[in-house]
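# Summary of the model geometry
Here is how the chains run, residue by residue.
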Amino acid sequence: MALQSLDIQARSATTTPVPGVRETPDLAKLIDISKCIGCKACQVACMQWNDLQGEIGHNIGSYQNPHDLNDTTWTLMRFYEVEPEANRLEWLIRKDGCMHCADPGCLAACPSPGAIVQFSNGIVDFHQENCIGCGYCITGCPFDIPRLSKKDEKAYKCTLCSDRVSVGLEPACVKTCPTGAITFGSKRDMIEHAEARIVDLNERGFAQAGLYDPQGVGGTHVMYVLQHADRPELYGLPKDPTVSPLVELWKGIAKPLAIATMAFVGFASLFHYVTKGPNAVSKEIEKEVEKEEEEQA
Amino acid sequence: MRRDPRDLVRYTAGQRANHWIVGISFILLGMSGLALFHPAFYPFALLFGGGTWTRILHPIFGVVMGVAFIVMVIRFTRHNLMSRADWQWIGRIGEMVNGNDESMPAQGKYNGGQKLMFWLLLLCMLLLIPSGIVLWRTYFDFPVEWVRWAAVVHSATAVVMICLIFVHVYAAIWVTGTVRAMWYGTVTRAWAKQHHRTWFEEVTKLKPRSE
């Protein structure tokens, strides 16, 4: 998708340095859930900018539409009716989509060179022309974000509008948000902005308001201001997301260990042959068998 | 075909064909699987028409091997039941590997090492087939935690199986006169007497000279 090529920080299934001479500032999108009114303008802007039109779905008794993220829905307003305290209903609305992790599980899991890249500004982007459709990115993701298309068997997700950002524009969802709930800028500025919002929310009775920038995945380039930051599960967010230890094992130590084991067995066989020689039938037994035959004849 | 009318038949044509189907599909699976496992082996994907074709074909090879392997297990299980003597043979495998096989206990159609190989390969397949199904996203959609477990089990088991097959293939090359049994099904009498004396005695009793 993206146009940049000299500011790559990490590239899937690649063990040598990647084109990265160009440094770009660490960027982030901040989503302030306390300011969101659930209008879905961001969802529409995302479809419009990326030119994606999903199939018409069914109403399942919720404003949430479509029901889940899919290959043509890269951001989705999720609606939660919860009671953080007894008899105090809150309608929490969260814009779901890729978190653009600093330590992306999708990229670690991807077996296809260059199908997933991470730019130095923090954007994690899928390059569908290199995608082989295995779905390992889904296995690696701690946030359940990538979706395999049934149409072309490629994986899709939010690009953080890498195409717009590369030419100095903000992502489409940020541009369209009518309440200013979504802001975009350097990660440091976004954290500062969030801190001011949290002070404001604390004064308004949300003592546990805070920033969601989970460190288990190295921090994220999409962050939330949550009214109840102590209970992210209320918003359908994992409390302490990390790349699964199983994925770390599979994509970490297992790889060099496997090569070492296979190489050891292969070379051990070769050198066994070279040192011990073939296990040939002994001349004695050959003679024995010949003798038996002569006797029988 | 017998090179010598006195050669002993070790495998029927059906058994050989069965083994070749397993063998060929194993090689295709190993190469396509390694391409998906480690970037060092990604160039193998070119042999299958690129990464996407590799992803499409790998599980189909898996179905072929799974079926052919099950048929082979049905054919050969009764020859691979382990006895106390087999464990004794395995206990003395060091002598065998050292090339001093003269005093090894007499063996039937298969020695203890071959039988152990049979059961280990079966165990590998019993782990690879279900974990492979869980990973097959084109047709299945399992909970992500299952898929994570399957990825670890499938790749670890595959590496173990590749190592076992290295040993299996090397043993066949090392013991001169073995590979021909895979090609045309026969071995020489001297080969049988040296390596599988009990089997040699059984088959030569059943098939007297005047056959």
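Predicted, not measured: the structure shown is a model, and the values here were computed from it.

### Some points on the overall build of chain B
Within chain B, the secondary structure is distributed over nine helices and two strands. Going from the N terminus to the C terminus, chain B shows its helices and strands as β-α-α-α-α-α-α-α-β-α-α. By its C-alpha atoms, chain B is 60 × 35 × 30 Å across when sized along the principal axes. Each of the 211 residues in chain B was classed as buried or not, and the buried ones make up 30%.

### Some words on the overall build of chain A
Regarding its fold elements, chain A presents nine helices and 11 strands. Against the 2.2 N^0.38 benchmark of 19 Å for 297 residues, chain A shows a C-alpha radius of gyration of 28 Å, more extended than a compact globule. The buried share among the 297 residues of chain A stands at 39%. Pairs at least 24 apart in sequence give 63% of the contacts found in chain A among residues at least 6 apart.

### Brief notes about the interface of chain B and chain A
Many descriptions give the size of an interface as the accessible area lost when the pieces come together. If you look at the interface, chain B gives 38 residues, while chain A gives 41 residues. Here the element with the most residues in the side of chain B that touches chain A is helix H6 (residues 144-174) of chain B; it accounts for 15 residues. Taken together, the residues of the side of chain B that touches chain A break down into 20 nonpolar, 10 polar and eight charged.

### So, the nonpolar core
In this structure, Cys110, Ile116 and Cys137 of chain A are the most contacted members of the largest nonpolar core, which totals 80 residues. Looking at which element gives the most residues to this core, the answer is strand E11 (residues 222-226) of chain A, with five residues. Aside from chain neighbours lying at most four places away, what touches Ile116 of chain A is Ser12, Cys106, Leu107, Cys110, Val124, Phe126 and Cys137 of chain A. Counting residues in hydrophobic clusters, the runner-up holds 18 residues, among them Phe69, Leu121, Met125 and Ala158 of chain B.

### Notes on the sheet that holds strand E10 (residues 210-212) of chain A
Residues and elements named next belong to chain A. Sheet architecture is open: four strands sit in the order E9-E2-E11-E10, paired in mixed fashion. Lying at the two open borders of the sheet, with one neighbouring strand each, are strand E9 (182-186) and E10. Averaged over neighbouring strand pairs, the angle between their axes works out to 25° when direction is ignored. Bridge count between strand E2 (residues 27-32) and E11: four bridges; the pairing is parallel. When the sheet's bridge partners are listed, Asp32 is paired in E11 with Val225. With respect to the sheet, helix H6 (residues 187-203) is in contact with E2, E9, E10 and E11, its orientation differing from that of E9 by roughly 135°.

### Considerations on the packing of helix H8 (residues 254-276) of chain A against H6 of chain B
Closest axis-to-axis distance for the H8 of chain A/H6 of chain B pair is 10 Å, and the angle between their directions is 5°. Viewed along their axes, H8 of chain A and H6 of chain B adopt a mutual orientation that is roughly parallel. Residues Ala254, Ala258, Thr261, Met262, Val265, Gly266, Ser269 and Tyr273 of chain A of H8 of chain A lie in contact with H6 of chain B, whose contacting residues are Ser155, Ala156, Val159, Ile162, Cys163, Phe166, Val167, Tyr170 and Trp174 of chain B. For the contact of H8 of chain A with H6 of chain B, a count of residues per class yields 13 nonpolar, four polar and no charged.

### A closer look at helix H2 (residues 51-76) of chain B
All names here are of chain B. With 26 residues, H2 extends 36 Å from end C-alpha to end C-alpha; this agrees with the ideal 38 Å at 1.5 Å per step. Every buried residue belonging to H2 is among Gly51, Thr54, Arg55, His58, Pro59, Phe61, Gly62, Met65, Ala68, Phe69 and Met72, and all of these are buried. Of the surrounding elements, those touching the buried residues of H2 are helix H1 (13-37) and helix H5 (112-135).

### Quick notes on the environment of Lys154 of chain A
Residues and elements named next belong to chain A. Tracing the backbone through its elements, the reader meets Lys154 in the loop between strand E7 (147-148) and strand E8 (155-156). Once the C-alpha coordinates of Lys154 and Thr24 are considered, the two residues, 130 residues apart in sequence, prove to be 28 Å apart. Leave out the neighbours within four places in its chain, and Lys154 touches Gln128, Cys131, Gly133 and Ser149.

### Here we look at the confidence of the model for chain B
Of the residues in chain B, 96% have a pLDDT of 70 or more, and the chain-wide mean is 94. We note a pTM of 0.93 for the whole complex and an ipTM of 0.93 for its interfaces.

Rules and cut-offs
- Note on numbering: residues in each chain are counted from 1, in written sequence order.
- Labels follow written order: the first chain is A, the first ligand is 1, and so on.
- Where local features are concerned, this predicted model is filtered to residues with pLDDT of at least 70; where side-chain atom pairs are given and counted, the filter is 80 or more; whole-chain, interface and lining totals use all residues.
- Note on conventions: DSSP H or I runs of at least 4 residues are helices, E runs of at least 2 residues are strands, and numbering of each starts at the N terminus.
- Counting other C-beta atoms within 10 Å of its own, a residue is labelled buried from 20 upward, exposed at 12 or fewer, and partly exposed in the gap between, with every C-beta atom placed from the backbone.
- C-alpha atoms define the radius of gyration in this analysis, and the globule rule sets the expected value at 2.2 Å times the number of residues to the power 0.38.
- Contact definition: two residues whose C-beta atoms, as placed from backbone geometry, lie within 7 Å.
- Only Asp, Glu, Lys and Arg are considered charged, only Ala, Val, Leu, Ile, Met, Phe, Trp, Tyr, Cys and Pro nonpolar, and every remaining residue, Gly among them, polar.
- Here a nonpolar core is just a set of buried residues of the types Ala, Val, Leu, Ile, Met, Phe, Trp, Tyr and Cys, joined wherever their C-beta atoms sit within 7 Å.
- For two strands to pair, DSSP has to find at least two bridges joining them.
- Simply put, an axis is a line fit to the C-alpha atoms, just over the touching stretch for a helix, and the angle between two N-to-C directions goes from 0 to 180 degrees.
- Here roughly perpendicular refers to angles of 65 to 115 degrees, roughly parallel to angles under 35, roughly antiparallel to angles over 145, and oblique to all remaining angles.
- Expected helix span is computed as 1.5 Å times (number of residues minus one).
- The predictor reports its confidence for every residue as pLDDT, a score running from 0 up to 100.

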